[in-house]
Amino acid sequence: MSFDLDAQVRCAGWAKCLVVASGFFLLTGCGLFEGKSEYQQMLDKRNAFSEMIADAGGSAVMEKRSMHGLNGVGWFIDLSGAEIDDELLNAIAEVAKEKSVYELNLADSSITDEQLAQLDKDEVLQKVFFLDLSNTKITDAGLDSVSNIYVIHELNLKGTAVTEAAVKRLGDKQMAQKQTPDAFRTRPKTDI
């Protein structure tokens, strides 16, 4: 009687494959794998958010970019000229829990001081590199309400009632944050 080791190994390998496959089919039959995968659910959520922003007249993309020496994957949201409402703010806050917002363009929008404070409270502004609030009704009170900002590099405030003193106070807050990287311990470049 001869012993064929290769045949025995092949046979054992196929047996393991059959056991794994039958286990998979049993699990799918019990409902464990029914519905969409977590990955597909995440993609659906991101697409729904992008569509909501598009319906408001803007755009939202998540992509990887290098921003002043820091690389990251995050949201780049343009809502210039849009009517900003609570539903939109809540949606932005929800996606910001998953991936940071790196750019937020609210130029010519209806953003108010109270709404800006809400974005700050919801930690949307923490990692915003570029914030455009030009031609909005934002005042010193709105800018003073922002305290959760770590890396803002550029801030556009043209056509607002914000003063240089409020911009200085915001820069001081950013520089005092422990989370602020050393490269960003400066006041943001501001266009007033």
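Our structure's up above, just so we're on the same page.
Not measured: the values here are computed from a predicted model.

The rules behind these values
- Residues numbered from 1 in each chain as written.
- Predicted model: local features only at pLDDT ≥ 70, side-chain atom pairs only at ≥ 80, totals over all residues.
- Heavy atoms only, no water.
- Helix = DSSP H or I, 4+ residues; strand = E, 2+ residues; numbered from the N terminus.
- Buried < 20%, exposed > 50% of the residue type's maximum accessible area, 1.4 Å probe, protein only.
- Contact = heavy atoms within 4.5 Å.
- Core = buried A, V, L, I, M, F, W, Y, C linked by side-chain atoms within 4.5 Å.
- 1 Å grid on protein atoms, 1.4 Å probe; cavity = no way out; pocket = protein on both sides within 12 Å on 5 of 7 lines; lining within 4 Å.
- Points joined across faces, edges and corners; volume = space filled by probe spheres on them.
- Nonpolar A, V, L, I, M, F, W, Y, C, P; charged D, E, K, R; others polar.
- Pairing = 2+ DSSP bridges.
- Axes fitted to C-alpha atoms, helices over the stretch in contact; angles between N-to-C directions.
- Salt bridge = Lys/Arg side-chain N within 4 Å of Asp/Glu carboxyl O.
- Patch = residues over 30% accessible without salt bridge, like charges linked within 9 Å, V, L, I, M, F, W, Y side chains within 5 Å.
- Areas by Shrake-Rupley, 256 points an atom, 1.4 Å probe, with all protein chains shown as cover.
- Lys, Arg positive; Asp, Glu negative; His and termini not counted.
- Charge placed at Lys NZ, Arg CZ, Asp CG, Glu CD.
- Left-handed = near helix turned anticlockwise from the far one by under 90°.

### Some details on the environment of Met-52
Residue position: Met-52 is located in helix H2 (residues 38-55). Residue classification places Met-52 among the partly exposed positions, given a relative accessible area of 22%. Apart from the residues lying within four places of it in its own chain, the contact partners of Met-52 are Glu-87, Leu-88 and Ala-91.

### A look at the nonpolar core
One finds Phe-49, Ile-77, Leu-79, Val-101, Leu-119 and Leu-133 to be the most contacted residues of the largest nonpolar core, which totals 37 residues. At the level of secondary structure, the elements contributing two or more residues to this core comprise H2, strand S2 (70-78), helix H3 (86-98), strand S3 (101-105), helix H4 (113-121) and helix H6 (164-176). With residues up to four places along the chain from it excluded, the contact list for Val-101 reads Trp-75, Ile-77, Ile-92, Ala-96, Val-124, Lys-127 and Val-128. Within the second largest apolar cluster, seven residues are counted, among which are Met-67, Tyr-150, Val-151 and Phe-184.

### As for the layout of surface pockets
Any empty space left between the atoms is revealed when a probe the size of a water molecule rolls over them. Of the voids in this model, the largest pocket is the one considered here, and its volume is about 160 Å³. Lining the largest pocket are Ala-93, Ala-96, Lys-97, Glu-98, Lys-99, Ser-100, Val-101, Asp-122, Glu-123, Val-124, Gln-126 and Lys-127. Residue contributions to the lining of the largest pocket peak at four residues, all from H3. For the lining of the largest pocket, the class distribution of residues is four nonpolar, two polar and six charged.

### Thoughts on the sheet that holds S3
Pairing in this open sheet of six strands is mixed, and the strands run S1-S2-S3-S4-S5-S6 from one edge to the other. Of all strands in the sheet, those with a lone pairing partner are strand S1 (59-67) and strand S6 (189-191), marking the two edges. Geometrically, the sheet is characterised by an average inter-axis angle of 20 degrees between neighbouring strands, direction not taken into account. As paired elements, S1 and S2 share nine bridges and run antiparallel to each other. Each bridged residue has a counterpart across the sheet, and for Lys-64 the counterpart in S2 is Val-73.

### Some words on the pattern of salt bridges
For the coordinates displayed, the defined rule picks out nine salt bridges. Across the salt bridge formed by Arg-169 and Asp-144, the nearest N and O atoms sit 2.9 Å from each other. Of this pair, Arg-169 sits in helix H6 while Asp-144 sits in helix H5 (residues 140-144), and the two are 25 residues apart along the sequence. One salt bridge in this structure joins Asp-191 and Lys-158, with 3.7 Å as the shortest N-O distance.

### Some thoughts on a negative patch on the surface
Taken together, the side chains of Glu-83, Asp-85, Asp-86 and Glu-87 make up a negatively charged region of the molecular surface. By secondary structure assignment, the location of Glu-87 is in helix H3.

### Thoughts on the packing of H2 against H3
Across the interface, H2 lies against H3 with an axial gap of 11 Å and an inter-helix angle of 145 degrees. Crossing geometry of H2 relative to H3 is assigned as left-handed. Where H2 approaches H3, its residues Met-42, Lys-45, Arg-46, Phe-49, Met-52 and Ile-53 are matched on the opposing element by Glu-87, Leu-88, Ala-91, Ile-92, Glu-94, Val-95 and Glu-98. Grouping the amino acids of the contact of H2 with H3 by side-chain chemistry returns eight nonpolar, no polar and five charged.

By themselves, these figures tell us nothing about what the structure is for.
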